[in-house]
Amino acid sequence: MAAIARVGFIGIGSMGWPMAIRLVEAGFQLAVHDAAPGRAEDFARRHGGTAAASAAACAEGADAVITMLPASRQVAEVVRGIAGSLAAGTVLVEMSSGEPSVTRALSAELALRGVTVVDAPVSGGVARAETGTLAIMTGGDAVPLERVDPLLHAMGGSVTRCGDVGAGQAMKALNNLVSAAGFLASVEALLIGSRFGLDPEVMVDVLNASSGMNNSTQRKLKQFVLNRKFNSGFGLDLMVKDLSIAMQIGRETETPAPLGAQTRELWAAAAKLLGPGQDHTAAARFAEMLAAGEIGAGQG
């Protein structure tokens, strides 16, 4: 099994940028490309690697190509555009939070060219991307996953195989469903507690020492909500996209998900009301609007 040496990385946005840095630091020969003009050149200047003028040039000669893009629509467009540049034996590592059905279709198309697709979406946000401690969920055959394992471990603190191709993306969407529901429940609890007279900071401490502890109480409420920064680095629009994928999987598997559907609708309403460009933690402001008050306003 040939080791991966040359890597093409397509999509160096807020998440892809620190992930690509980890690959350079791990010693991989990295070519980068991004749709934003000058971004790849800026990355190469600051961190090393080679800036590719096009996605096809980024894929040329690579042992593995990573895609880290906003949605499956962009992934499909890019992958079909670079297909002719992918040599037989190349592994395409789809790390976007995409739709499993689209990834499976691309996998079938590229298999005809001798190119293997695995999916490896991530969880943990920009902070954990910067430290190389992302949680990575993978789907695909064992052999190509073993080939790209050094790449994934350069970027992630945990790498968990979830099943066939598309399984990692299914798991990512369902993870975000649980996370999104927990966030809204936590914010609502803070709003109720504030009106009762409880200190929100103390509430978070108690939740984190009790059975109400979740990712939002540990990593979001004090860090991005109570300080009113709302700057976790993960967009509100992307959360709605992931929740929509989770509900799509629910429909495809004929699984009733009334709580999931309500969660998705609340996040979609928040996105519509707050407008574009919002961080997902700003959804706390939507809950405050419904309550006609701000967290902490009724305290003391």
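### Looking at the nonpolar core
Step number 1: Of all hydrophobic cores here, the largest spans 34 residues; its most connected members are Phe-9, Met-19, Leu-23, Ile-66, Val-93, Met-95 and Met-155.
Step number 2: When residues in this core are grouped by element, the largest group, six residues, is from helix α7 (residues 142–155).
Step number 3: Listed in part, the 33 residues of the second largest apolar core include Phe-183, Leu-236, Ala-282 and Ala-283.

### Notes on the packing of aromatic side chains
When we look at a pair of aromatic rings, we describe it by the centre distance and by the angle of the planes.
Step number 1: Going through the model one piece at a time under the given rule, you end up with two aromatic pairs.
Step number 2: Ring geometry for Trp-17 and Phe-43: centres 5.1 Å apart, planes at 80 degrees, overall edge-to-face. Of this pair, Trp-17 sits in helix α1 (residues 16–25) while Phe-43 is found in helix α2 (residues 39–47), placing the two residues 26 residues apart along the sequence.

### Observations concerning unusual backbone geometry
Step number 1: For Glu-254, which is not glycine, the phi torsion reads 55 degrees and is therefore positive.
Step number 2: One can find Glu-254 in the loop between α12 (236–252) and α13 (258–274).
Step number 3: On the accessibility criterion, Glu-254 (72% relative accessible area) is exposed.
Step number 4: One non-glycine residue, Ala-292, lies in the positive phi region at around 55 degrees.
Step number 5: If you trace the backbone, Ala-292 turns up in the segment after α14 (283–291).

### Considering the environment of Cys-58
Step number 1: Take Cys-58: it is sitting in helix α3 (residues 55–59).
Step number 2: Of the residues examined, Cys-58 reaches a relative accessible area of 2% and is grouped as buried.
Step number 3: For the pair formed by Cys-58 and Ile-10, sequence separation is 48 residues and the distance between their alpha carbons is 7.3 Å.
Step number 4: Beyond its immediate chain neighbours, meaning those up to four positions away, Cys-58 contacts Gly-8, Phe-9, Ile-10, Ala-31, Val-32, His-33 and Ala-52.

### As for the packing of helix α8 (residues 167–196) against α13
Step number 1: Taken N-terminus to C-terminus, the directions of α8 and α13 make an angle of 65 degrees; their axes are 10 Å apart at the nearest point. Relative to α13, the element α8 is oriented roughly perpendicular. The crossing of α8 and α13 is left-handed. Two secondary-structure elements touch here, α8 through Leu-177, Ala-180, Ala-181, Phe-183 and Leu-184 and α13 through Gly-260, Thr-263, Leu-266 and Trp-267.
Step number 2: When grouped by side-chain class, the residues that make up the contact of α8 with α13 number seven nonpolar, two polar and no charged.

### Thoughts on the pattern of salt bridges
Step number 1: Enumeration according to the criterion identifies eleven salt bridges in this entry.
Step number 2: The partner of Asp-42 in a salt bridge is Arg-46, and the shortest N-O contact between them spans 3.4 Å. With Asp-42 and Arg-46 both in helix α2 and four residues apart, this pair spans about one turn of that helix.
Step number 3: Note on Arg-46: relative accessible area 56%, which makes it exposed.
Step number 4: In this structure, Lys-222 engages Glu-201 in a salt bridge whose closest nitrogen and oxygen atoms are separated by 3.6 Å.

Reading guide: rules and limits
- Residues numbered from 1 in each chain as written.
- Predicted model: local features only at pLDDT ≥ 70, side-chain atom pairs only at ≥ 80, totals over all residues.
- Heavy atoms only, no water.
- Core = buried A, V, L, I, M, F, W, Y, C linked by side-chain atoms within 4.5 Å.
- Buried < 20%, exposed > 50% of the residue type's maximum accessible area, 1.4 Å probe, protein only.
- Helix = DSSP H or I, 4+ residues; strand = E, 2+ residues; numbered from the N terminus.
- Phe/Tyr/Trp six-rings, centres within 6.5 Å; stacked < 30°, edge-to-face > 60°.
- Contact = heavy atoms within 4.5 Å.
- Axes fitted to C-alpha atoms, helices over the stretch in contact; angles between N-to-C directions.
- Parallel < 35°, antiparallel > 145°, perpendicular 65-115°, else oblique.
- Left-handed = near helix turned anticlockwise from the far one by under 90°.
- Nonpolar A, V, L, I, M, F, W, Y, C, P; charged D, E, K, R; others polar.
- Salt bridge = Lys/Arg side-chain N within 4 Å of Asp/Glu carboxyl O.

Remember, this is a structural readout, not a statement about activity or role.
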